[in-house]
Amino acid sequence: MATGRLSMRSIREVLRQKLVLKKSHREVARSLGLSAGAVGGVMVRAAKLGLDWATAEALPEIVLEQRLYGPRLAAGVQRPLPDPVYLHKERKKTGVTLELLHLEYLEQHPDGYRYTQFCEVYREWLKKHRLSMRQIHRAGEKLFVDYSGKKPHTVDPATGVVTDVELFLAVLGASNYTYAEATETQSGPDWMASHARAHSFIGGVPGAWVPDQLKSGVTRPCRYEPGVQRTYEEMARHYGTVVLPARPAHARDKAKVEAGVLIAQRWILARLRNQTFFSLTELNERIGELLEDLNNRRMRLYGVSRRELFEQVEKRALKPLPSEPFVYAEWKKVRVNIDYHVEVDHHFYSVPHELVHEQLEARFTATTVELFRAGIRVASHPRSYVRGKPTTESEHMPKAHQKHLEWTPSRITHWAGTIGPKTKELVAAILADRPHPEMGYRSCLGILRLAKQYGKERLETAAARAVAVRARSYRHVESILKNGLDRLPLPASAPTPLPVQHKNVRGRDYYN
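Definitions and limits used
Residues numbered from 1 in each chain as written. Predicted model: local features only at pLDDT ≥ 70, side-chain atom pairs only at ≥ 80, totals over all residues. Heavy atoms only, no water. Helix = DSSP H or I, 4+ residues; strand = E, 2+ residues; numbered from the N terminus. Buried < 20%, exposed > 50% of the residue type's maximum accessible area, 1.4 Å probe, protein only. Patch = residues over 30% accessible without salt bridge, like charges linked within 9 Å, V, L, I, M, F, W, Y side chains within 5 Å. Areas by Shrake-Rupley, 256 points an atom, 1.4 Å probe, with all protein chains shown as cover. Salt bridge = Lys/Arg side-chain N within 4 Å of Asp/Glu carboxyl O. Pairing = 2+ DSSP bridges. Axes fitted to C-alpha atoms, helices over the stretch in contact; angles between N-to-C directions. Contact = heavy atoms within 4.5 Å. Phe/Tyr/Trp six-rings, centres within 6.5 Å; stacked < 30°, edge-to-face > 60°. Core = buried A, V, L, I, M, F, W, Y, C linked by side-chain atoms within 4.5 Å.

**A word on unusual backbone geometry**
Backbone geometry follows two general trends: most residues other than glycine have a negative phi, and most peptide bonds adopt the trans configuration.
Step number 1: For Asn176, which is not glycine, the phi torsion reads 65° and is therefore positive.
Step number 2: Relative to the elements of secondary structure, Asn176 occurs in the loop between strand S4 (166-172) and strand S5 (178-183).
Step number 3: Residue Asn176 is classed as buried on the basis of its relative accessible area of 13%.
Step number 4: Residues other than glycine seldom take positive phi values, yet His357 does so here, at roughly 75°.
Step number 5: Looking at His357, the relative accessible area reads 54%, which means it is exposed.

**Observations regarding the environment of Glu308**
Step number 1: Positionally, Glu308 belongs in helix H13 (residues 306-314).
Step number 2: Among the residues examined, Glu308 registers a relative accessible area of 41% and is labelled partly exposed.
Step number 3: Note: C-alpha distance between Glu308 and Arg298 (10 residues apart in sequence) is 8.9 Å.

**Side note on a nonpolar patch on the surface**
Step number 1: A contiguous nonpolar surface patch, about 220 Å² in accessible area, is contributed by Met8, Ile62 and Val63.
Step number 2: Looking at the element boundaries, Ile62 is found in helix H5 (residues 61-69).
Step number 3: For Ile62, a relative accessible area of 46% corresponds to the partly exposed category.

**Describing the sheet that holds strand S14 (residues 368-373)**
Step number 1: Spatial ordering of the open sheet is given by S10-S13-S14-S15, a layout of 4 strands whose pairing is antiparallel. With partners counted over all chains shown, the strands left at the sheet margins are strand S10 (330-335) and strand S15 (376-382), one partner each. Geometrically, the sheet is characterised by an average inter-axis angle of 25° between neighbouring strands, direction not taken into account.
Step number 2: Bridge count between S14 and S15: 6 bridges; the pairing is antiparallel. Bridged to Glu370 within S15 is Ser380.
Step number 3: Seen against the sheet, helix H10 (residues 230-239) touches S10 and strand S13 (359-364) and runs at an angle of roughly 130° to S10.

**Overview of the packing of aromatic side chains**
Step number 1: Enumeration over the complete set of coordinates arrives at 11 aromatic pairs.
Step number 2: A ring pair is formed by Tyr177 and Phe201, whose centres lie 5.5 Å apart and whose planes are at 20°; its orientation type is stacked. Remark: Phe201 occurs in helix H9 (residues 188-202) and Tyr177 occurs in the loop between S4 and S5; sequence separation between them is 24 residues.
Step number 3: For Tyr177, a relative accessible area of 4% translates into the label buried.

**Here's the deal with the nonpolar core**
Step number 1: Formed by 38 residues in total, the largest nonpolar core has its most connected members in Phe168, Trp209, Ile268, Leu272 and Ile287.
Step number 2: Looking at this core, the elements with two or more residues in it are strand S1 (142-147), S4, S5, H9, H10, helix H11 (255-272) and helix H12 (280-296).
Step number 3: With sequence-adjacent residues up to four places away left out, Ile268 is seen in contact with Ala180, Ile263, Ile287, Leu290, Leu291 and Leu294.
Step number 4: The next biggest cluster of nonpolar side chains, apart from the first, holds 23 residues, and it includes Tyr441, Leu450, Val477 and Ile480.

**Thoughts on the pairing of S5**
Step number 1: Counted residue by residue, S5 has 6 buried out of 6 residues, so it is predominantly covered.
Step number 2: Residues Thr178, Ala180 and Ala182 line one face of S5 and the alternating positions Tyr179, Glu181 and Thr183 line the opposite face, and both faces are buried.
Step number 3: Counted between consecutive antiparallel strands, the loop separating S4 from S5 contains 5 residues, among which Asn176 sits at a positive phi close to 65°.

Shown next, in the form of structure tokens:
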């Protein structure tokens, strides 16, 4: 939009043709030898003033010109310059634009610079300070998070072993208010616990988190559609914010936190170089002291400290913290086995038996395990850390399997004894072979029910063969019967070796 001052006659004629004749911008421009932008500029100013044609026609031309453009300056008079530092700080506030700031400037200085020159003064200041118009960070808009490439370390007081640790950093976009802490790793639990402590430190929640595309937060690096890690996304929902990963190879997206990393390395890590810390807690206490000094240090660009700028422009723009703390949970895709259980961290949890062979999602915290199908929870259990053992809800079982709960090892062994001693021996061996007897119930009951199909005598013979070859499963016994192997003679057992006779072999009686 052109913003040059038109002649007094041109101003009135533009208003007449637009407001009375309803001509288009281009038609008016051709008629008066102007640009369409100049016509648009007159109409924008008139609209802001609420100027209609009746009012404009009644005003003298010089008054009309001054109403739209302000009074002309006498030759040699210097117009008051806008304050670029103030403009830059104000632009960080939500909804504040250069156009609004220019109108406020004109209210204080009616003879001040017009909009074009006003913006040019600001742009020249930005160039000198190497800032970008595209990276104006609004108050409360973004929190930039990352790890420092350079690491602090701790020393084991007993062994003297030096261990590198991570330095987590979070920087608010508008005020540069900074949080830092040391963690043992960059793993998911450490990454998200650092986020929680950073939010407690700043006392609020920004509109978005901007992480680099590291694995703790982003599972699929991509310029256009990065895949956010499931638990990280869940944490963002809990805090009422969103995750906006920085684009790969776009340094400008994460320039704020990269500058914060450099500052932290200069004002925190460099000052720790000659100090020794024997624990992470001791290291973080010192980092907290240096962080306080960093946030209170006056910034040359703004003439105030990070803390002062945070208090002035950003603190009120943050959303409140959630009332409940975020509970860290991991997600895992699982498939329902034929026994309607899924495996999570070497323990087995039941789901409704109708879901056999289906793929579910398991969400597990330190205390609970939840199982979801298409986003709907189908089962929930207290978490168990006992390896190899099942946790089973009776309502998840088919009705036939619910009867298994009535069985005990002694009852199953007694039933096997009614068929024969070898069947009883096989059942006892199966129950003893499993980590928990309950895990052998189904196998034993399946074997015992083979007597209905093949008869007790054949089952006893098959059990004797299974005991001889140490085959301890329903599948083996069924195969023996199906293939008629129970009718074949048992494999010959190896002969017992004779005792060695030698003068140096004294025998056990010697020691009595």
